[in-house]
Amino acid sequence: VQEEKIFAGQGLRLHVCTMEGAEWLEEVPEDTTVEKLKERCLKHCVPGSLEDPKTVTHHKLIHATSEKVLTDTKTVLEENIQDRDVLLLIKKRAPPPLPKMADVSAEEKRKQEQKAPDKDAILKATANLPSRNVDRTVAHHNMRDFQTELRKILVSLIEVAQKLLALNPDAVELFKKANAMLDEDEEDRVDEVALRQLTEMGFPESRAVKALRLNHMSVTQAMEWLIEHADDPTVDAPLPGQTPAEATAEAGASSAEATAGPSSEAGGEEAKDELTEIFKKIRRKREFRPDPRAVIALMEMGFDEKEVVDALRVNNNQQNAACEWLLGDRKPSPEDLDKGIDTNSPLFQAILENPVVQLGLTNPKTLLAFEDMLENPLNSTQWMNDPETGPVMLQISRIFQTLNRT
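Residues numbered from 1 in each chain as written. Predicted model: local features only at pLDDT ≥ 70, side-chain atom pairs only at ≥ 80, totals over all residues. Heavy atoms only, no water.

Undergrad: Explain the overall build of the chain residue by residue, including any values.
TA: For the chain, the helix and strand inventory stands at 21 helices and five strands. For the chain, the residues scored as buried account for 35% of the 406 residues in total. A separation of at least 24 residues holds for 59% of the contacts in the chain among residues at least 6 apart in sequence. Split by element, the accessible area of the chain, about 25900 Å² in all, is 53% carbon and sulfur. (Helix = DSSP H or I, 4+ residues; strand = E, 2+ residues; numbered from the N terminus. Buried < 20%, exposed > 50% of the residue type's maximum accessible area, 1.4 Å probe, protein only. Contact = heavy atoms within 4.5 Å. Areas by Shrake-Rupley, 256 points an atom, 1.4 Å probe, with all protein chains shown as cover.)

Rendered as structure tokens:
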């Protein structure tokens, strides 16, 4: 018995197919290289073709199940090919031909024709137009940033909504709705599209939910967090304040408050106090959570932890913007975030006079949306697409844009 037969690798039977429909069975040892296997396949399906040395390099073998292109220098065992696996032998696509010099010249000429005019060309074309003296500095400052102004609008609208809900004769029903929103499972508030994108990548759903909450529903940042913490033993631990026991206890307490409702003797005052407490619970649950990675990175630059958290809060957890804020004039300040808009301003009066906004302010869900956007501005898209809160946000945006152009 020959020595190579004694120590030969285990034999594998592989089904090989071609794009033309040919199909056959190849029996090879598991230590056979992919290149040798490819040569055997070519001899079987294209006899005489191996006279051209380029024939082997112009073909490739693909594992049908994993859709992986097999590497010529690796063995069948190294490519993790199993007995009775199906392989596909196909010819590689020819590389695209290099462009001709005439085509390159024509493309460059086309780009030059589409190039924007320079300053001299603009001045020449507009020489006959009447000149206007515009103070660009004043014009720039008059263009208010919508996101900055929206935050002030939301702060003031929250105060109005709280007063309206507290004076509502159906306060008990409103308490129940507010409590239901407060006790709602966190999974119901996760962006379903973002969650589906992460689960389709292979991440467990519970872990993906946690990553999205920590990264304000940003798929990119959540994916980076999941990869970074893949081997972390505490990766599946619940977030602070979200343990099942605490959630159940809080739900029970809230339900008891909702069922009890205000007493008939001092209904108005107790209703107002109860609603105020509910709003405080909602706001505590929406407390700002700084990105721990950004906190560490900024503190390593020499900044104090408190000012780092302030910078991230002002800049919605955007590390680069927070760094610029820390190095700059630090405007707006964290205190400015809690200031509302001037209630006597034309903008705020126009918003309050809008019928859609007036109706929305009597809906507890609108108040919840305002609170959420106040703490997590990145969630504004979610509320803009909501059938109940979307129309209110659309009217606020339209009124702002209209008055900002005047």
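Undergrad: Kindly report on the nonpolar core, identifying the contributing residues and their values.
TA: With 25 residues, the main nonpolar core has I153, L157, L347, I351, F370, M373 and I396 as its most contacted residues. Of all elements in the fold, only helix 7 (146-167), helix 17 (346-352), helix 19 (364-375) and helix 21 (390-405) reach the threshold of two or more residues within this core. Per element, the largest residue contribution to this core is eight residues, and it comes from helix 7. Here I396 is in contact with L150, I153, L157, I351, V357 and F370, once residues within four sequence places are set aside. Counting 16 residues, the second largest nonpolar core, distinct from the first, contains L12, V34, C41 and L87. (Core = buried A, V, L, I, M, F, W, Y, C linked by side-chain atoms within 4.5 Å.)

Undergrad: So what's going on with the sheet that holds strand 3 (residues 59-63)? Which residues, and what values?
TA: On the basis of which strands lie adjacent, the open sheet formed by five strands has the order 2-1-5-3-4 and mixed pairing. Two strands close off the open sheet at either side, each with one partner strand: strand 2 (23-29) and strand 4 (68-69). Relative to strand 5 (residues 86-91), strand 3 runs antiparallel, the two sharing five bridges. Considered in strand 5, the bridge of I62 is made with L88. This element, helix 2 (residues 34-45), spans strand 1 (11-18), strand 2, strand 3 and strand 5 of the sheet and lies at about 145° to strand 2. (Pairing = 2+ DSSP bridges. Axes fitted to C-alpha atoms, helices over the stretch in contact; angles between N-to-C directions.)

Undergrad: If you had to explain the side chain of T366 to someone new, which residues and values would you point to?
TA: Here T366 lies in helix 19. Judged by its relative accessible area of 1%, T366 falls in the buried class. Within the local environment of T366, its side chain forms a polar contact with the backbone oxygen of G360, the two atoms lying 2.8 Å apart. (Polar contact = N/O pair within 3.5 Å; in protein donor to acceptor, adjacent residues only side chain to side chain.)

Undergrad: Run through the packing of helix 14 (residues 292-299) against helix 16 (residues 319-327), naming residues and quoting values.
TA: One way to put it is that helix 14 packs onto helix 16 with a least axis distance of 10 Å and a crossing angle of 35°. Relative to helix 16, the crossing made by helix 14 is right-handed. Together, A294, A297 and L298 of helix 14 and Q319, A322, C323 and L326 of helix 16 make up the contact between the two elements. Of the residues belonging to the contact of helix 14 with helix 16, the class tally is six nonpolar, one polar and no charged. (Left-handed = near helix turned anticlockwise from the far one by under 90°. Nonpolar A, V, L, I, M, F, W, Y, C, P; charged D, E, K, R; others polar.)

Undergrad: Could you give an account of the pairing of strand 1, naming the residues involved and the relevant values?
TA: Successive residues of a regular strand alternate their side chains across the two faces of the sheet. As judged from the seven bridges shared by strand 1 and strand 2, these two strands associate in the antiparallel manner. Opposite L14, over in strand 2, you have E26 as the bridge partner. Here strand 1 folds back onto strand 2 in antiparallel fashion, the turn holding four residues, of which G21 has a positive phi close to 105°. With four bridges joining them, strand 1 and strand 5 adopt parallel strand pairing. Bridge assignment links C17 to a residue of strand 5, and that residue is L88.

Undergrad: Mind laying out the pattern of salt bridges, listing which residues take part and the relevant values?
TA: Under the criterion given, the structure shown has 10 salt bridges. With a closest N to O distance of 3.6 Å, K365 and E388 form a salt bridge. Of the two residues, K365 sits in helix 19 while E388 sits in the loop between helix 20 (380-384) and helix 21, which places them 23 residues apart along the sequence. Its relative accessible area of 41% is what places E388 among the partly exposed residues. Taken together, the shared-partner salt bridges in this structure form one network comprising K365, D386 and E388. (Salt bridge = Lys/Arg side-chain N within 4 Å of Asp/Glu carboxyl O.)

Undergrad: Hey, could you go over the packing of helix 15 (residues 305-314) against helix 16 for me, with residue numbers and the actual values?
TA: Closest axis-to-axis distance for the helix 15/helix 16 pair is 8 Å, and the angle between their directions is 120°. In terms of their interaxial angle, helix 15 and helix 16 are classed as oblique. As helix 15 packs across helix 16, the resulting crossing turns out to be right-handed. Of helix 16, the residues touching helix 15 (which contributes E307, V308, D310, A311, L312 and V314) are Q319, A322, W325 and L326. In terms of residue class, the contact of helix 15 with helix 16 is made up of seven nonpolar, one polar and two charged. (Parallel < 35°, antiparallel > 145°, perpendicular 65-115°, else oblique.)

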